[in-house]
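Chain and residue survey
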Amino acid sequence: MQARVAVLGGGQLGWMLGLAGIPLGCEFAFLDPVAGATAGAVGELIVGALDDVVAARRAAENATVVTYEWEGVPAATARALESGAPVCPPANALDVAQDRIVEKTKLRDLGVATAPFVAIDSLDDLRAAVEEIGFPSVLKTRRGGYDGKGQAVLRDPADVDAAWSKVGAVPCILEGFVTFDRELSIIAVRGRDGEIRCWPAVENHHLDGILRLTRAPAPGLDDALQDRAEAAIRPLLEDLVYVGVCCVELFDVGDAVLANEIAPRVHNSGHWTIEGAETSQFENHLRAILGLPLGATTSRGPSAMVNCIGAMPDRDAILRIPGAHLHDYSKAARPGRKVGHVTVTAPEPETLEARLTPVIALCDRAVLP
Ligand code: AMP
């Protein structure tokens, strides 16, 4: 064993970090509130709340480095561990990612384009802000929203009061509604020495606010689009003196990209990198936080990732499809829950489509027991 990695959070992202890290000589300890959390299969699982500093210190005992796999980890927990081992990514990345106003302000200050936005603390603020932002617009809670939760679309003035109640009358951000061509994301890794490498930008499709399908690289990706996407993440990683993997979700609009959200961790839209890239996001995250040389982020060819939402598809049927790679998180089936994913690889785009179609059909057909 060459390194002990403590991970705050023990879900599937932690599990895939473990799967990538064991061959590198790492052992793992995870802190997660759920006994039986997925990552327990690849390391020691400390069961405790993520704001329980005593439990977090137990997970971080003898750690070479501390990292996290969920952006909701309280920054105070991360900071409490800094005296024992380096915390990567730094806790300030949590501060930025946990508050949509801080997040969008940071992006704007760094020259990264976003939708127009205004901070909202009251119904009166909202009434004034719709004058500035106009309709349609999107009201989102400043903190705690994910997968489209805590959001309301405002189409005309009659929606204002209902939207404010719907999000729970809490501090919010009002954003202009972006009529995007498609959604993209860019994932990058920054090493301890400051080197940054980016994977090809990918195209994401959501269903009911949950990522359903990622195509990698994004169809039609050229150098100009890759450069635009990288320009939305490189300054952020420099500014935060970031170490590890980070994702920025983007809207592709004409000749521009707008940054929507920062995830300071390995990301669902990067799962394709396990089979589809020279080095996976999980391996490069570990290489970065351990101060090891970074691996190449080039793709091996076209690939796609389908999330298994609610229940797993028929395993035999998936495995009969050439180029299909199954990842079962061993989670109980539940509506809307990410329980696994399938990555499909192929030598060229036409074959990828032929393989992907039955994978999507099988995932759509997966039923709750
Ligand atoms: P978020 O929680 O910010 O990632 O938003 C979830 C989803 O809502 C995004 O993936 C988009 O599909 C949609 N969305 C969020 N913000 C906007 C916006 N300003 N304009 C249009 N669609 C949006």
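Residues numbered from 1 in each chain as written. Predicted model: local features only at pLDDT ≥ 70, side-chain atom pairs only at ≥ 80, totals over all residues. Heavy atoms only, no water.

It is worth spelling out the packing of helix H1 (residues 12–21) against helix H11 (residues 281–289) at this point. When two helices pack together, their arrangement is given by the angle between the helix axes and the distance between those axes. Look at H1 against H11: their axes get within 8 Å of each other, and the N-to-C directions meet at 75°. The pairing of H1 with H11 is recorded here as roughly perpendicular in orientation. Side by side, H1 and H11 meet where Leu 13, Met 16, Leu 17, Ala 20 and Gly 21 of the first sit next to Phe 282, Glu 283, His 285 and Leu 286 of the second. Counted by class, the contact of H1 with H11 contains 6 nonpolar, 2 polar and 1 charged residues. (Axes fitted to C-alpha atoms, helices over the stretch in contact; angles between N-to-C directions. Helix = DSSP H or I, 4+ residues; strand = E, 2+ residues; numbered from the N terminus. Parallel < 35°, antiparallel > 145°, perpendicular 65-115°, else oblique. Contact = heavy atoms within 4.5 Å. Nonpolar A, V, L, I, M, F, W, Y, C, P; charged D, E, K, R; others polar.)

Here we come to the sheet that holds strand S1 (residues 3–8). The 4 strands lie next to each other as S3-S2-S1-S4, forming an open sheet whose pairing is parallel. Two strands in the sheet have a free side with no partner beyond their single neighbour: strand S3 (44–47) and strand S4 (65–68). Across this sheet, the average inter-strand angle for adjacent strands is 25°, counted without regard to direction. Summarising the sheet, S1 and S4 pair through 4 bridges and their orientation is parallel. Residue pairing for S4: Val 7 is matched across the bridge by Thr 67. Of the strands in this sheet, S1 and strand S2 (26–32) are in contact with H1, which crosses S2 at around 170°. Relative to the sheet, H11 contacts S1, S2 and S4, its axis offset from that of S4 by approximately 140°. (Pairing = 2+ DSSP bridges.)

Of note, Leu 356 is situated in helix H13 (residues 349–365). For Leu 356 and Ala 346, which are 10 residues apart along the polypeptide, the C-alpha to C-alpha distance reads 9.5 Å. Among all residues touching Leu 356, those that are not within four sequence positions of it are Leu 213, Arg 215, Ala 304, Val 306 and Val 344.

With that out of the way, let us pick up the pattern of salt bridges. Throughout the structure, instances matching the rule amount to 19 salt bridges. Ionic pairing is found between Glu 44 and Arg 4, a salt bridge with its closest N-O pair at 2.8 Å. Of this pair, Glu 44 sits in strand S3 while Arg 4 sits in strand S1, and the two are 40 residues apart along the sequence. Classification of Glu 44 by relative accessible area gives partly exposed; the value is 40%. (Salt bridge = Lys/Arg side-chain N within 4 Å of Asp/Glu carboxyl O. Buried < 20%, exposed > 50% of the residue type's maximum accessible area, 1.4 Å probe, protein only.)

Turning our attention to the packing of aromatic side chains. When we look at a pair of aromatic rings, we describe it by the centre distance and by the angle of the planes. This model, assessed by the stated rule, comprises 3 aromatic pairs. Geometrically, the ring pair formed by Phe 28 and Phe 30 is stacked, given 5.8 Å between the ring centres and 10° between the ring planes. Phe 30 gets classed as buried once you look at its relative accessible area, which sits at 0%. On the basis of an interplanar angle of 5° and a centroid distance of 4.8 Å, the ring pair of Phe 180 and Phe 251 is categorised as stacked. Highlighted residues: Phe 180 in the loop between strand S8 (172–176) and strand S9 (182–190) and Phe 251 in strand S13 (residues 244–253), separated in sequence by 71 residues. (Phe/Tyr/Trp six-rings, centres within 6.5 Å; stacked < 30°, edge-to-face > 60°.)

One finds Leu 8, Leu 31, Val 66, Ile 186, Ile 233, Val 248 and Leu 250 to be the most contacted residues of the largest nonpolar core, which totals 45 residues. Top element by residues in this core is helix H4 (residues 91–98). It accounts for 4 residues. For Val 248, the contacting residues outside a window of four places in its chain are Leu 184, Ser 185, Ile 186, Ala 232, Ile 233, Leu 236, Ala 259, Glu 261 and Ile 262. Grouped together as the second largest cluster of nonpolar side chains are 36 residues, Cys 26, Phe 28, Leu 286 and Ala 288 included. (Core = buried A, V, L, I, M, F, W, Y, C linked by side-chain atoms within 4.5 Å.)

With that settled, the discussion passes to empty space enclosed by the protein. Summed over the entire model, instances satisfying the criterion amount to 1 cavity of 30 Å³ or more. Roughly 30 Å³ of internal volume is contained in the largest cavity. In terms of lining residues, the largest cavity is bounded by Ser 185, Ile 186, Ile 187, Trp 199, Pro 200, Val 202, Ser 269, Trp 272 and Thr 273. Ranked by the residues each element gives to the lining of the largest cavity, the list is headed by S9, at 3 residues. Classifying every residue of the lining of the largest cavity gives 6 nonpolar, 3 polar and no charged. (1 Å grid on protein atoms, 1.4 Å probe; cavity = no way out; pocket = protein on both sides within 12 Å on 5 of 7 lines; lining within 4 Å. Points joined across faces, edges and corners; volume = space filled by probe spheres on them.)

Turning next to the domain arrangement of the protein. Each assigned domain of the protein is listed here: domain 1 (3–87), domain 2 (116–176) and domain 3 (182–365). One C-alpha centre belongs to domain 2, the other to domain 3; they are set 29 Å apart. (Domains from an automatic or database assignment.)

Okay, H11 next. Counting buried positions along H11 yields 7 of 9 residues, so the element is predominantly enclosed. All buried positions along H11 are accounted for by Gln 281, Phe 282, Asn 284, His 285, Leu 286, Ala 288 and Ile 289.

In this section: the sheet that holds strand S5 (residues 117–120). The strands making up a sheet associate through backbone hydrogen bonding, with each pair oriented either parallel or antiparallel. Taken together, the 4 strands give an open sheet; going across it, the order is S5-S8-S6-S7, and neighbouring strands pair in antiparallel fashion. Each edge of the sheet is formed by a strand with only one pairing partner; in this case those strands are S5 and strand S7 (151–154). Within the sheet, the average angular offset between the axes of one strand and its neighbour, ignoring direction, is 20°. Note that strand S6 (residues 137–141) and S8 share 5 bridges and pair antiparallel. Its bridge partner being in S8, Lys 140 is matched across the sheet by Ile 173. Against the sheet, helix H5 (residues 100–109) makes contact with S5, S6, S7 and S8, and its axis sits at roughly 150° relative to S5, the strand it touches most. Of the strands in this sheet, S5, S6, S7 and S8 touch helix H6 (residues 123–133), which is tilted by about 175° from S5.

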